[in-house]
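# Fold and contact review
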Amino acid sequence: MIIPNNIKNIVILTGAGISAESGIKTFRDHGGLWENYDIMDVASVEGFNKDPKLVYEFYNARRAQLQKPEISPNAAHLALAELEKKFKGRVTIVTQNVDNLHERAGSHNILHMHGELLKMRCTKSLKVFAITGELNQSTVCPCCKVVGNLRPNIVWFGEVPNGLSEIDQLLRECDLFISIGTSGEVYPAASFVMAAKQSGAHTLEQNLSPTKLSREFDSQFTGSASIEVPRLVKLILSP
Ligand code: OAD
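Being a predicted model, the structure only gives us computed values, none of them experimental.

Now for the pairing of strand β9 (residues 219-222). Covered by surrounding structure in β9 are Ser219 and Phe221 only, the residues Gln220 and Thr222 on the alternate face being uncovered. As judged from the four bridges shared by strand β8 (residues 202-207) and β9, these two strands associate in the parallel manner. In the sheet register, Glu205 faces β9, and the bridge partner there is Gln220.

Here is the structure:
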């Protein structure tokens, strides 16, 4: 596998597959989250308005799981943190994941395009607050001092992901684009490989198996993220 020389700006898109070996379920694989829940019930404003209790409970359970002692970054998260530390140019992680495993592995330059589990948002002021415990209909909003104004700080279907103009700029400037552990089913993230290609970037896909977007990439690192991402990082750092 040849990684081009003179790479200066790397953009890495991550999805649920990078956290799978840390014990966090993906969405669309066998046994994934969307087998047990209807996406629109727990990941849309309509679902939240219809049954807020269900939505609060869904994210409370995921927030609690994320903080269990057995959940920790795996070798793939750690390798990306090492890349950011040692690479001479810029490394940016654009993640669709709402967990904090990139941060816990030591990465700093991270954009959470679909929000974060450990944050809640006031629907009136749009202010964002940290939360580690349960969020429910009786949680008092830190800014309004009343109940009922808070929601998980997650981007739901039909909502605009975070940081799109910054991501657009990063894709224009990147010369290496790497997609890790994402099915390519959800836009706009699924379109990033095309944007990176238009900027002339070399494109790599890492996944357990080919995806519907695989043919868009210049090369593949097929296998589990915990094995393939460290291998890829090693190649980038010592081409
Ligand atoms: P998906 O569940 O759609 O896809 C997970 C991908 O990870 C699949 O392509 C798997 O083959 C791959 N995978 C699984 N285990 C892996 C491993 N150990 N190593 C490498 N790859 C592995 O998850 P996403 O693509 O992240 O959005 O889903 C995108 C968005 O859809 C999510 O952010 C979420 C969801 O609905 C919102 O909730 C807004």
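Let us look at the site of the ligand. Looking at the ligand, there are 24 residues lining it, with Phe27, Arg28, Thr182, Ser183 and Asn207 nearest. Taking Thr182, its side chain carries an N or O atom lying 2.6 Å from an oxygen atom of the ligand. A distance of 3.4 Å separates a nitrogen atom of the ligand from a polar atom in the backbone of Leu208. Summarising the interface, the protein chains cover 94% of the accessible area of the ligand, which totals 790 Å² for the free molecule. A molecule is said to occupy a pocket when more than half its atoms come within 2 Å of that pocket's grid points, and by this definition the ligand occupies the largest pocket. Within the residue set of the shell around the ligand, elements represented by two or more residues are α1 (17-20) and β8. Counted by class, the shell around the ligand contains nine nonpolar, twelve polar and three charged residues.

Thresholds applied
Residue indices begin from 1 for each chain and proceed along its sequence in written order. Local features in a predicted model are, by the rule used here, given only for residues with pLDDT of at least 70; side-chain atom pairs are given and counted only at 80 or more, and totals for whole chains, interfaces and linings are based on all residues. For side-chain calculations, the full set of non-hydrogen atoms in the structure is used, while hydrogens and water are omitted. Each residue is placed in one exposure class: buried if its accessible area under a 1.4 Å probe, protein chains only, is under 20% of its type's maximum, exposed if it is over 50%, and partly exposed if it falls in between. Here a helix means four or more residues in a row that DSSP labels H or I, a strand means two or more in a row labelled E, and each is numbered from the N terminus. Note: two strands are recorded as paired if DSSP finds a minimum of 2 bridges between them. If a single non-hydrogen atom of a residue is within 4 Å of a molecule or strand, that residue counts as near it. The term polar contact refers here to a pair of N or O atoms within 3.5 Å; inside protein, the definition further demands a hydrogen-donor-capable atom paired with an acceptor-capable atom, and it admits residues adjacent in sequence only when both atoms are side-chain atoms. A 1.4 Å probe and the Shrake-Rupley method give the accessible areas. Residues count as covered only by the protein chains that appear here. Think of a 1 Å grid over just the protein atoms. A cavity is a set of points where a 1.4 Å probe fits yet cannot get out, a pocket is an open set with protein on both sides within 12 Å along at least five of seven lines, and lining residues have an atom within 4 Å of a point. Whether a molecule lies in a cavity or pocket depends on its atoms, and more than half of them have to be within 2 Å of the grid points. Ten residues, namely Ala, Val, Leu, Ile, Met, Phe, Trp, Tyr, Cys and Pro, are considered nonpolar, four, namely Asp, Glu, Lys and Arg, are considered charged, and the remaining ones, Gly among them, are considered polar.

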